[in-house]
Amino acid sequence: MGPAYATASGTRHNTTVRISLDSPVRDDVGALLDEHLADMYATSPPESVHALDHSALLAPGITFWTARDDDGALLGCGALKELSAEHGEIKSMRTAASARGGGVASAVLGVLLEEARARGYGRVSLETGSQDFFAPARRLYARRGFTECGPFGVYVLDPFSVFMTMELAPGL
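Residues numbered from 1 in each chain as written. Predicted model: local features only at pLDDT ≥ 70, side-chain atom pairs only at ≥ 80, totals over all residues. Heavy atoms only, no water.

Novice: Can you walk me through unusual backbone geometry in this structure?
Specialist: Residues apart from glycine generally show negative phi values, whereas peptide bonds are mostly found in trans. Of note, the phi angle at Ser92 is positive, near 55°, even though the residue is not glycine. In this fold, Ser92 is placed in strand β5 (residues 87–95). (Helix = DSSP H or I, 4+ residues; strand = E, 2+ residues; numbered from the N terminus.)

And the structure:
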């Protein structure tokens, strides 16, 4: 898969975003993922944090993308984890603070969903937090067609987690 290009627009700015496969261990990506993990641990009990660190994102079955502007500045990231031949999981969605509100997360999510369809997944699911901190993420996923569901994969019912899923129609 080559780079995907999107114009991300939101309330603060319009920018062209280049979304491409990348490494979660690049320095700037590592800093963004460290920030992501710090926020997860600041808002959820440790046993309720399901975010993956840099090395876990290198595991087989996980594909990782970054969103960058025309100058190469990191705007955000996301990953797709294969749970089975029919089911994928969205992981590590994060937008850099300077790019929030600009449509970056929506653009990354679009690429992840496009890839999930290309792989033939019939369903994509995710876990996010139940606290107010995660409300923007839950709104994004709901706008894209995700609905709340029960735990999937290795997850268990947790008051600090919201599980969401979306059925994928081929070719849409």
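Novice: Honestly, helix α1 (residues 27–43) in this entry has me stumped. Any pointers?
Specialist: Each full turn of the α-helix corresponds to 3.6 residues, which orients residues three or four apart in the same direction. Between its terminal C-alpha atoms α1 stretches 25 Å, which fits the 24 Å expected from 17 residues at 1.5 Å a residue. Taken together, the buried positions of α1 are occupied by Val29, Gly30, Leu32, Leu33, His36, Leu37 and Met40. Projection of α1 onto a plane perpendicular to its axis shows the buried side chains occupying an angular sector of 165°, all on one side. Facing away from the buried side of α1 by more than 90 degrees, the exposed set consists of Asp27 and Ala42. On its buried face, α1 is in contact with β3 (62–68), β4 (74–84) and β5. (Expected span 1.5 Å × (residues − 1). Buried < 20%, exposed > 50% of the residue type's maximum accessible area, 1.4 Å probe, protein only. Arc of directions from axis to C-beta. Contact = heavy atoms within 4.5 Å.)

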